[in-house]
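Analysis of the macromolecular model
Residue strings, one per chain:
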Amino acid sequence: MTMTPRVQRLRDESFRARPAISIERALLTTAFYKAEAGMHSTPVLRALNYKYLCTHKRIYIGAEELIVGERGPVPKAVSTFPELTCHTAEDLAILNERPMASFRVAPADIETYAEEVIPYWQGRSMRDRVFAKVPDDWRAAYEAGLFTEFMEQRAPGHTALDGLIYRKGMRDLQADIQVAMNALDYLEDPDATAKSQALEAMAIACQATIIFAERHADLAEEMASTCSDEVRRRELRRIAAVCRRVPAQKPRDFWEALQM
């Protein structure tokens, strides 16, 4: 299959871009946890952090993109997850300098990370709490390189929903969650309270995802209002309409399904 000129240009741009570390998520997450940690159950706290990120992270729409959504503020910007593993300033410097699989990290970002992120998460990250309790034999095997700890290198979430995302939107899932919450039996089920917190977190995550899409729609409309190219202006307006539809509602066509 031959690529269209647009896809070829986007592909070439992606290959040329050097991967970089973005500290945006780490700063937002640190600010959120400083204000909210200890005030919510763990599932709700994590969901609210996700909502905070969806509400405050920088939104990016590339010059020729039709399907939008970046995990970082720009393409190939990789976020860090200090609540899982808080990398040191030395770690970031190594990522920037190593010849293989390097990630650009600005010196100013390393300094900011050392001043604002690391002091809060030392001893609080999931890795620090786990490693404080593991047996000596386990630690020795780890330090000898017999195995690695997955989240030191990556974030959780290497999963994809099945066909459900083409049959239901986030509003539908919120309705299902509410049905499940209404069915909880606090008198007979000792796990009802824990279940309610998990369900509440799910509902918050659905709303956060809708917010993220709506922000892309807002940006697309803003870009369209100042775009002099009629073709791109129509594309931006279509992007906005699609993001108003999904993921709040189920997709109706291929474009909406891809954006979902």
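Look up a bit, the structure's there.
So, a few notes on the structure that sits alongside this text. Treat the numbers as computed from the prediction; the structure is a model and nothing was measured.

1. Let's talk about helix α9 (residues 170–182)
For α9, built from 13 residues, the straight-helix expectation of 18 Å at 1.5 Å per residue is met to within 8% by its first-to-last C-alpha distance of 18 Å. Where α9 is concerned, the buried positions are Met170, Leu173, Gln174 and Ile177. For α9, the arc enclosing every buried residue in end-on projection is 100 degrees, short of the 170-degree limit, so these residues lie on one face. Facing away from the buried side of α9, by more than 90 degrees, are the exposed residues Val179 and Asn182.

2. Remarks on the packing of helix α3 (residues 42–56) against helix α10 (residues 192–226)
Their axes nearest at 8 Å, the elements α3 and α10 cross at an angle of 5 degrees. With respect to α10, the axis of α3 lies roughly parallel. On the side of α3, the interface is formed by Pro43, Val44, Ala47, Leu48, Tyr50, Lys51, Leu53, Cys54, Thr55 and His56, while α10 contributes Gln197, Ala198, Glu200, Ala201, Ile204, Ala205, Ala208, Thr209, Ile211, Phe212 and Arg215. A class-by-class count of the residues in the contact of α3 with α10 yields 14 nonpolar, four polar and three charged.

3. Points about the nonpolar core
Among the nonpolar cores identified, the biggest contains 17 residues, and Ile21, Leu92 and Tyr113 are the most heavily contacted of them. Elements with a contribution of two residues or more to this core: α2 (24–36), α4 (89–97) and α5 (107–121). In terms of residue count, the dominant contributor to this core is α5 (six residues). In this structure, Ile21 is in contact with Val78, Thr80, Leu92, Leu95, Phe103, Arg104, Val105 and Asp109, ignoring residues within four places of it in sequence. In terms of nonpolar packing, the next biggest core, distinct from the first, is built from 15 residues, Cys54, Ile59, Ala208 and Ile239 among them.

4. Comments concerning the environment of Tyr113
Looking at where Tyr113 falls in the secondary structure, it is placed in helix α5. Spatially, the C-alpha atom of Tyr113 lies 10 Å from that of Ser22, the residues being 91 residues apart in sequence. Those residues in contact with Tyr113 that sit more than four places away from it in its chain are Ile23, Ala26, Thr80, Pro82, Cys86, His87, Leu92, Ile118 and Pro119.

5. Section: the packing of aromatic side chains
Pairs of aromatic rings are described using the distance from one ring centre to the other and the angle between the two planes. Per the stated rule, a full pass over the model turns up nine aromatic pairs. Among the aromatic side chains, those forming a connected cluster through ring pairs are Phe32, Tyr33, Tyr52, Tyr120 and Trp121. Looking at Arg124, its charged tip hangs above the ring of Tyr120, at a distance of 4.1 Å from the centre. Lying over the aromatic face of Phe131, Arg127 brings its terminal NZ or CZ to 3.9 Å of the ring centre.

The rules behind each value
Numbers given to residues run from 1 along each chain, matching the order in which its sequence is written. In keeping with the predicted nature of the model, local features appear solely for residues at pLDDT of at least 70, side-chain atom pairs appear and are counted solely at 80 or more, and the whole-chain, interface and lining totals rest on all residues. Calculation of side-chain values draws on the structure's entire complement of heavy atoms; hydrogens and water are dropped beforehand. A helix here means a DSSP run of H or I that spans at least four residues, while a strand means a run of E at least two residues long, and both kinds are numbered starting from the N terminus. In this analysis, the expected span of each helix is defined as 1.5 Å times one less than the number of residues it contains. We call a residue buried when its accessible area falls under 20% of the maximum for its residue type, exposed when it is over 50%, and partly exposed in between, using a 1.4 Å probe and counting protein chains only. Think of it as the arc spanned by the lines of direction from the helix axis to the C-beta atoms. Axis lines are fitted through C-alpha atoms, for helices just across the contact stretch, and the angle between N-to-C directions can take any value from 0 to 180 degrees. The labels follow the angle: roughly parallel below 35 degrees, roughly antiparallel above 145, roughly perpendicular from 65 to 115, and oblique for the rest. Should any heavy atoms of two residues lie within 4.5 Å, those residues are considered in contact. Any residue that is not Ala, Val, Leu, Ile, Met, Phe, Trp, Tyr, Cys, Pro, Asp, Glu, Lys or Arg is counted as polar, Gly included; the first ten are nonpolar and the last four charged. Working definition of a nonpolar core: buried Ala, Val, Leu, Ile, Met, Phe, Trp, Tyr and Cys residues. They are joined through side-chain atoms within 4.5 Å. Each Phe, Tyr or Trp ring, with Trp reduced to its six-membered ring, pairs with another whose centre is within 6.5 Å; inter-plane angles below 30 degrees give stacked pairs, above 60 give edge-to-face pairs, and intermediate values give tilted ones. As a reminder, the over-ring test applies to NZ of lysine and CZ of arginine, requiring each to be within 6 Å of the ring centre and within 35 degrees of the ring normal.

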